[in-house]
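Per-entry structural report
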Amino acid sequence: MSTETAAETDSVPEATVTRLASELGTAITDLPTYQAFIDAKARVENSEEAQQSVREFEQLREEFMLARQTGNATDEDLQQLQAAQEQLHDIPVMAEYLELQADLERELQELNKMISAPLAVDFGEKAGGCCQD
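Residues numbered from 1 in each chain as written. Predicted model: local features only at pLDDT ≥ 70, side-chain atom pairs only at ≥ 80, totals over all residues. Heavy atoms only, no water.

Structural notes on the overall build of the chain
The line we're drawing: Put simply, DSSP marks the helices as runs of H or I at least four residues long and the strands as runs of E at least two long, and each gets a number from the N terminus on. Only protein chains enter the area calculation, which uses a 1.4 Å probe; residues under 20% of their type maximum are buried, those over 50% are exposed, and those in between are partly exposed. Any two residues whose heavy atoms approach within 4.5 Å are treated as being in contact. Computed by Shrake-Rupley with a 1.4 Å probe, the accessible areas treat only the displayed protein chains as cover when residues are assessed.
Scanning the chain from N- to C-terminus turns up five helices and zero strands. For the chain, the N- to C-terminal ordering of α and β elements is α-α-α-α-α. Burial status across the chain gives 15% buried among its 133 residues. Of the contacts formed within the chain by residues at least 6 apart in sequence, a portion of 60% connects residues at least 24 apart. Carbon and sulfur atoms make up 54% of the accessible area of the chain, which totals about 10,300 Å².

As for the nonpolar core
Test applied: Remark: nonpolar core denotes a set of buried residues (Ala, Val, Leu, Ile, Met, Phe, Trp, Tyr, Cys) joined through side-chain atoms within 4.5 Å.
In this structure, Phe-37, Val-44, Phe-57, Leu-88, Ile-91, Met-94 and Tyr-97 are the most contacted members of the largest nonpolar core, which totals 14 residues. Dropping the residues within four chain positions of it, Ile-91 is found in contact with Glu-49, Ala-50 and Ser-53.

With respect to the environment of Gln-51
As for its placement among the helices and strands, Gln-51 is situated in helix H3 (residues 48-69). Along the backbone, Gln-51 and Met-94 are 43 residues apart, and their C-alpha atoms lie at a distance of 9.7 Å.

What about the packing of helix H4 (residues 75-90) against helix H5 (residues 92-116)?
How we decide: For helices, the fitted line uses only the C-alpha atoms of the stretch in contact; every axis is such a line through C-alpha atoms, and the angle between N-to-C directions lies from 0 to 180 degrees. By definition in this entry, angles of less than 35 degrees are roughly parallel, angles greater than 145 are roughly antiparallel, angles of 65 to 115 are roughly perpendicular, and the rest are oblique.
The geometry of H4 relative to H5 is characterised by a closest axis approach of 5 Å and an angle of 90° between their N-to-C directions. Between H4 and H5, the interaxial angle falls into the category roughly perpendicular. In this structure, H4 uses Leu-88, His-89 and Asp-90 to contact H5, whose residues at the interface are Pro-92, Met-94, Ala-95 and Leu-98.

Digging into the pattern of salt bridges
Our working rule: Think of a salt bridge as a Lys or Arg side-chain nitrogen and an Asp or Glu carboxyl oxygen that are within 4 Å of each other.
Applying the stated rule across the entire model yields seven salt bridges. Taking the shortest distance from any N to any O, the salt bridge between Lys-41 and Glu-45 comes out at 3.7 Å. Of this pair, Lys-41 and Glu-45 both sit in helix H2 (residues 32-46), four residues apart, which is roughly one turn of the helix. For Glu-45, a relative accessible area of 46% corresponds to the partly exposed category. A salt bridge links Glu-58 to Arg-61; the nearest nitrogen and oxygen atoms lie 2.6 Å apart. Residue Glu-58 and its partner Arg-61 are located together in helix H3, separated by three residues, close to a single helical turn. Classification of Arg-61 as partly exposed rests on a relative accessible area of 36%.

Take a look at the structure:
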């Protein structure tokens, strides 16, 4: 005779899923792609050139967003913002970081597909209306 209560029995699947999700998160941090991404992120954070460029880009972006909200944004403002973004992305440590970020995102999307395959819903996608095509 089992001494488990109905509540304990009902929580077993939830506990298993929670444990597996935690293990998956830990396993992802061990992936070479993730480790390369973290290393590249550190190089960006430690690069004065990259950090200065990020600050300049963020300032321009903030100014552009404010100008757009007030209806004062021009095509020249947008071009200036795009040029600043291109300059930022041309910095070697930033280019490497963005490439590794894209690699990691692709790998995580593949994992999401594997997780979602047996489900009727893709929980990794943004929630939308009821019956999406």
